[in-house]
Number of protein chains: 2
Amino acid sequence: MATYRLTLEYDGTRYHGWQEQQNARTVAGELRRAAERTGGRVLDLGGSGRTDTGVHALAQVAHLRLSRAIDPDRFLARLNGVLPGDIHVLDASPAPRTFHARHDARSRSYLYQISRRRTAFGKRYVWWIKRPLDVGRIAAAAALLAGRHDFAHFCERPQEQSSTVVVVEEARVAESGDLVLVRLAASHFLWRMVRRLVGTLVKIGAGELEAARLARLLEGSPREAAGDGPAQWTAPASGLFLERVRYAGDPPLGALAPAVAIHSRSGGIR
Amino acid sequence: MATYRLTLEYDGTRYHGWQEQQNARTVAGELRRAAERTGGRVLDLGGSGRTDTGVHALAQVAHLRLSRAIDPDRFLARLNGVLPGDIHVLDASPAPRTFHARHDARSRSYLYQISRRRTAFGKRYVWWIKRPLDVGRIAAAAALLAGRHDFAHFCERPQEQSSTVVVVEEARVAESGDLVLVRLAASHFLWRMVRRLVGTLVKIGAGELEAARLARLLEGSPREAAGDGPAQWTAPASGLFLERVRYAGDPPLGALAPAVAIHSRSGGIR
């Protein structure tokens, strides 16, 4: 048996998420098929975590166990030769036989791209917000997210979780041209957590919600659950990228930069 | 009658080019339908020039004549409200009644994006070249294009042209991350001219063709036409953007920058 650590990027638009399913096209399903065509028998394949339908990844990490060893560089080239154009393996390296992409991950970071203008090119990779946004308000509200909180209100099906308490290591907001970027990093995330948080930040940035309401929601109090809430404010999948998955010994996160940037020529005309 | 000058960007992937056709979805066809839904009766609609199937535009210009006047800002918002997500009107301004997008244009510029790496996000907006490219060779060859030449070998159906002589005002090459950008500006272009030129530049950059062959082809000599030639080297539509159309009084072209930039996180990982 030979174990590999794969790092891959994908455009999630056409996929029913990462996780393999019987009757739906998924990223892991495509990866398994490509590995079987080029590397031989697949004994085990697992990602660092699931991504939902339509969510992208800049650097998803997976473990792959094959029945026999293959030269990693040749394997990488062959995989990319047969994978669909919207899935690209960035790196394939031999890994210890016990390497497990999900269990061994120390932290994940997600990047969310909000666009302040409509663009013909960006629809797949942004959430376009037509209303004016106060980025200062968004940044101030995002700062509330750092640290240990009960994210029960920001979790789909919280009853299925052993705990809804998460320690957020980084919550950062930056502007880049027409884009507003949000990065969240934590040891793990709850289902839909990033999209509900970004949706809430956008409500605050649009002046439709007070940051104090977010602070109360972060206490997880059931009283806050009534009526309009984070579930209704969920940001669409298109703007969300799994940015990095970090393991022991990995370098820290770099500067916050766009995943896909659209440079309009509108500034140059009249 | 009221005349407007529209500036629009579009992702050409899903369209059979700009020009209206009976039984095919085209950008101008979508624009006409949107204008009729929001601005009233369309008397005339014409672009600065055609773009082929799959070719994009950062700032196509069109004239639109409506049977009655409408507030331009309101019209702009309404148009974008009904247009498909991959077509976006950047500007709508009242224009003199004689304004004609094609006849009045002084020059056009095209941007071509070559990618030196496979990426899950860029397939629609680049031509991915797997072979190593010598960008210095490409830039040196591109410099040969400036000035007056006979581009008969770089034109589809040259017999339909009154002349295949074109004065190229600018031929520039730049690198931006994994992208190699090529800009060509001229008063007008022949059918497929940019794609055949870029295909030839890539052959030269890959070391498969001498720049001297390009120099001979630019003389338009029929002797050069035999066998393998620019028609076979045509670059795909995906990497091509109509960048700017300039009219009397318009500012000069700005710096050469990507249209759609993909920022991989591959630099940050092992």
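Presented here is a report on the structure given in the accompanying data block.

Rules used in this analysis
Residues numbered from 1 in each chain as written. Chains lettered and ligands numbered in written order. Predicted model: local features only at pLDDT ≥ 70, side-chain atom pairs only at ≥ 80, totals over all residues. Heavy atoms only, no water. Pairing = 2+ DSSP bridges. Helix = DSSP H or I, 4+ residues; strand = E, 2+ residues; numbered from the N terminus. Buried < 20%, exposed > 50% of the residue type's maximum accessible area, 1.4 Å probe, protein only. Arc of directions from axis to C-beta. Contact = heavy atoms within 4.5 Å. Least-squares fit on C-alpha atoms with pLDDT ≥ 70 in both. Axes fitted to C-alpha atoms, helices over the stretch in contact; angles between N-to-C directions. Parallel < 35°, antiparallel > 145°, perpendicular 65-115°, else oblique. Left-handed = near helix turned anticlockwise from the far one by under 90°. Nonpolar A, V, L, I, M, F, W, Y, C, P; charged D, E, K, R; others polar. Buried area = accessible area lost by both parts, 1.4 Å probe. Salt bridge = Lys/Arg side-chain N within 4 Å of Asp/Glu carboxyl O. Polar contact = N/O pair within 3.5 Å; in protein donor to acceptor, adjacent residues only side chain to side chain.

Observations regarding the pairing of strand β8 (residues 165-176) of chain B
Residue and element names in this part refer to chain B. Here strand β7 (residues 147-150) runs beside β8; their pairing, made up of 4 bridges, is antiparallel. Across the sheet, the residue bridging to D150 is V165, located in β8. As defined by bridge partners, β8 adjoins strand β9 (residues 179-186) across 8 bridges and the pair is classed as antiparallel. Across the sheet, A174 pairs through a bridge with L181, a residue of β9. Between β8 and β9, which follow one another and run antiparallel, lie 2 residues, and G177 among them has a positive phi close to 60 degrees.

Some thoughts on helix α2 (residues 72-82) of chain B
All names here are of chain B. Those residues of α2 that fall on the buried side of the exposure criterion are P72, F75, L76, L79 and N80. The buried residues of α2 occupy an angular sector of 125 degrees when the element is viewed end-on, so they sit on one face. Exposed and facing more than 90 degrees away from the buried side of α2 are D73, R74 and G81. The inward-facing, buried residues of α2 abut β1 (2-10), α1 (27-38), β3 (56-66) and β4 (87-94).

What about the relation of the copies chain A and chain B?
When chain A is fitted to chain B, the best match, at an RMSD of 0.0 Å, comes from turning it 180 degrees and sliding it 0.0 Å along the axis. This pairing of chains is accounted for by a two-fold axis. Relative to the rotation axis, the C-alpha of A261 of chain A is the closest in chain A, positioned 2.5 Å from it.

Observations concerning the packing of helix α3 (residues 135-143) of chain B against helix α4 (residues 193-205) of chain B
If you want to describe how two helices pack, look at the angle between their axes and the distance between the axes. All names here are of chain B. Between α3 and α4, the shortest axis-to-axis distance is 8 Å and the interhelical angle comes to 135 degrees. In terms of their interaxial angle, α3 and α4 are classed as oblique. Remark: the crossing between α3 and α4 carries right-handed chirality. Contact residues: α3 offers R137, I138, A141 and A142, while α4 offers L201, I204 and G205. In the contact of α3 with α4, the residues fall into 5 nonpolar, 1 polar and 1 charged.

A short note on unusual backbone geometry
Of note in the backbone geometry, R192 of chain A takes a positive phi value of approximately 70 degrees without being a glycine. As for its position among the elements, R192 of chain A is in the loop between β9 (179-186) and α4 (193-205).

Some remarks on the interface of chain A and chain B
With 45 residues of chain A in contact, the opposing surface of chain B contributes 44 residues. Overall, the association of chain A and chain B removes approximately 3,700 Å² of surface from exposure, summing both partners, and the carbon and sulfur fraction of that is 52%. Here chain A is connected to chain B by 2 salt bridges. The salt bridge involving E9 of chain B is made with R117 of chain A; its shortest N-O contact spans 3.2 Å. Linking chain A with chain B are 16 residue pairs in polar contact (both at pLDDT 80 or more), by the criterion used here. Taken together, the elements giving at least two residues each to the side of chain A that touches chain B come down to β1 (2-10), β3 (56-66), β4 (87-94), β10 (240-246) and β11 (260-262) of chain A. Classifying every residue of the side of chain A that touches chain B gives 20 nonpolar, 11 polar and 14 charged. Pairing between β11 of chain A and strand β11 (residues 260-262) of chain B: 3 bridges, direction antiparallel. Paired with V260 of chain A across the two strands is I262 of chain B, which belongs to β11 of chain B.

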